[in-house]
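# Structural overview for review
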Amino acid sequence: MVRLIPLLVLLTTPAVAEAQLFPALSGDAGAPVATVYSSLDEPLARPMIAAFQQANPDIAVSYEDLQTIDIYARVVAETDSGARTADFAFSSSMDLQVKLANDGYAQESVVPLSASWPRWANWRNTAYALTYEPAVFVYHKPSFAGSPPPGSRAELIRYLVDNADTVFGRIGTYDIERSGVGFMFFSRDQEQYPDLWTLVGAMGAAGVKLYSTTSAIVERVADGRFVFGYNILGSYAAEAATRNPDLGIILPADYTVVTSRIGLVPRAATNPELGRRYLAFLMSEAGQTIMAEQLQIAALNQAVAGPNTANAMQQALGAQLRPVPVNPGLMVYLDQVKRARLIRRWNEALSTQ
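We now turn to the structure provided with this report.

### Considering the packing of helix α10 (residues 272-283) against helix α11 (residues 285-293)
In a packed pair of helices, the relevant descriptors are the angle between the two axes and the axis-to-axis distance. Between α10 and α11, the least distance of the axes is 4 Å, while the angle of their chain directions is 65°. Judged by residue contacts, F281, L282 and M283 of α10 engage E285, A286, G287, Q288 and I290 from α11. Looking at the contact of α10 with α11, its residues break down into five nonpolar, two polar and one charged.

Written out as structure tokens, the structure reads:
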């Protein structure tokens, strides 16, 4: 029997955030309301909501900004109790979103771009990858004024070994026990990079610091407290780099893992057609352009031009990019035993140096 990470406590008392209501632009107080559960911070989401309502002035939007685990818990708990739930769920936790779809908590949603969406990004017209977000290296530019920063994992190992004393305590990455995206990036590393444990050991010897949030690492690299950050979510790094000229970004040359935020319409949605309209807009050229240009999250729609798009990255890097496919394989590390085994080896590799 597969032993999944216990969620029972969360499911009995799912978190409830204060919903932000965006009234219909038509002025109709009785307009239908599209309810959205999302892990994208509400202030960042406002340009997308505004554009959706410009295209759909007869619809109000209720937006709840939730942690990824809470989106999963709310949808499951509300569905299982016979209640209605969100019309659209949008989350950066690929594994939990796929689990919702795989376990029957999402419904098929055929929208105008379903047939032409990349096959790896569409699971049974039920769970759709909507963004294209690489795991990157970040570095403090002034600290590498005299030499180039490591551009691959092998170069990073050599750099850490050669400079262990001078960079001690000034390297950052995710704590894979507390960061869902950090764990997913690392589990992909284990599949892609045969010398991974040498790299983990080198990071341990260099006194790597572990954090659960992207911002904590990026801020420390940008201001020079850290010289380097490993496996950082590229969308946040790109946004931070617009404000911090000393923050450099590298897409690793050996391979670059690409993750996505997944959108789906829950099976128990109150207004599933409104959920599909929201999904269709996020997939559209207009919605994806806003994603790339205003939210600083790379667009997946192949019709969108510009540097912050899957198109541009694929043309520049080709097979170097390794997007995480949307399928049940994502659930492997929701198995408690496998997850615990990987985390235990990670901690041992770090602490034995």
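Having seen it, we continue.
### Observations regarding empty space enclosed by the protein
Counted by the stated rule, this structure contains three cavities of 30 Å³ or more. Contributing to the lining of the largest cavity are V36, S38, L40, A45, M48, Y63, F90, Y278, L282, M291 and L295. Put simply, the parts of the chain that give the lining of the largest cavity at least two residues each are β2 (33-38), α2 (42-55) and α10. Of the residues that constitute the lining of the largest cavity, the class distribution is 10 nonpolar, one polar and no charged.

### Thoughts on the nonpolar core
One finds Y63, F88, L130, L160, L199 and Y278 to be the most contacted residues of the largest nonpolar core, which totals 114 residues. Those residues in contact with Y278 that sit more than four places away from it in its chain are V36, M48, I49, F52, Y63 and F88.

### Notes on the layout of surface pockets
Taken as a whole, the largest pocket holds about 950 Å³ of empty space. Along its surface, the largest pocket is lined by 33 residues, and Q67, T68, S179, G180 and V181 are the ones closest to its centre. Where the lining of the largest pocket is concerned, the elements lending two or more residues are α3 (68-80), α4 (94-102), α6 (180-192) and α8 (214-222). The residue makeup of the lining of the largest pocket, split by class, is 14 nonpolar, 11 polar and eight charged. Counted as a void, the second largest pocket has a volume near 280 Å³. Lining the second largest pocket are 17 residues, and of these S215, Y236, E239, A240 and R243 sit closest to its centre. Breaking the lining of the second largest pocket down by element, the ones donating at least two residues are α8 and α9 (234-241). Broken down by element, the residue count for the lining of the second largest pocket peaks at five residues, all from α8.

### Details of the packing of aromatic side chains
Throughout the structure, instances matching the rule amount to 13 aromatic pairs. Residues F144 and Y159 carry aromatic rings whose centres are separated by 5.4 Å and whose planes lie at 40° to one another, so their mutual orientation is tilted. Of this pair, F144 sits in the loop between β8 (133-140) and α5 (153-162) while Y159 sits in helix α5, placing them 15 residues apart in sequence. Each member of the pair F144 and Y159 is classed as buried. Taken together, a centroid distance of 6.0 Å and an interplanar angle of 50° make the contact between Y211 and F226 tilted. Residue Y211 is found in strand β10 (residues 209-211), and its partner F226 is found in the loop between α8 and β11 (228-233); the two are separated by 15 residues along the sequence. For Y211, a relative accessible area of 18% gives the class buried. A connected cluster of aromatic rings, assembled from ring pairs, spans F52, F88, F90, Y278 and F281. Above the face of the F183 ring, R339 is positioned so that its terminal group lies 4.2 Å from the ring centre.

### Overview of the pattern of salt bridges
For the structure on display, the rule yields 13 salt bridges. Across the salt bridge formed by R225 and D223, the nearest N and O atoms sit 2.8 Å from each other. With a closest N to O distance of 2.9 Å, R276 and E273 form a salt bridge. In this pair, R276 and E273 are both assigned in helix α10, three residues apart and thus about one turn of the helix distant. Accessibility expressed as a relative area gives 13% for R276, which makes it buried. A network of salt bridges, in which partner residues are shared, links E64, R74 and E78.

### Regarding α11
Within α11, the full set of buried residues consists of G287, Q288, I290, M291 and A292. Turning to α11, the residues buried within the fold contact α2 and α10.

### Some points on unusual backbone geometry
You will see that N125, though not glycine, has its phi angle at about 55°, which is positive. As for its position among the elements, N125 is in the loop between β6 (122-123) and β7 (127-129). For Q296, which is not glycine, the phi dihedral falls at a positive 60°. Tracing the backbone through its elements, the reader meets Q296 in the loop between α11 and α12 (310-317). Looking at Q296, the relative accessible area reads 23%, which means it is partly exposed.

Reading the values: the criteria
- Residues numbered from 1 in each chain as written.
- Predicted model: local features only at pLDDT ≥ 70, side-chain atom pairs only at ≥ 80, totals over all residues.
- Heavy atoms only, no water.
- Axes fitted to C-alpha atoms, helices over the stretch in contact; angles between N-to-C directions.
- Helix = DSSP H or I, 4+ residues; strand = E, 2+ residues; numbered from the N terminus.
- Contact = heavy atoms within 4.5 Å.
- Nonpolar A, V, L, I, M, F, W, Y, C, P; charged D, E, K, R; others polar.
- 1 Å grid on protein atoms, 1.4 Å probe; cavity = no way out; pocket = protein on both sides within 12 Å on 5 of 7 lines; lining within 4 Å.
- Points joined across faces, edges and corners; volume = space filled by probe spheres on them.
- Core = buried A, V, L, I, M, F, W, Y, C linked by side-chain atoms within 4.5 Å.
- Buried < 20%, exposed > 50% of the residue type's maximum accessible area, 1.4 Å probe, protein only.
- Phe/Tyr/Trp six-rings, centres within 6.5 Å; stacked < 30°, edge-to-face > 60°.
- Lys NZ or Arg CZ within 6 Å of the ring centre and 35° of its normal.
- Salt bridge = Lys/Arg side-chain N within 4 Å of Asp/Glu carboxyl O.

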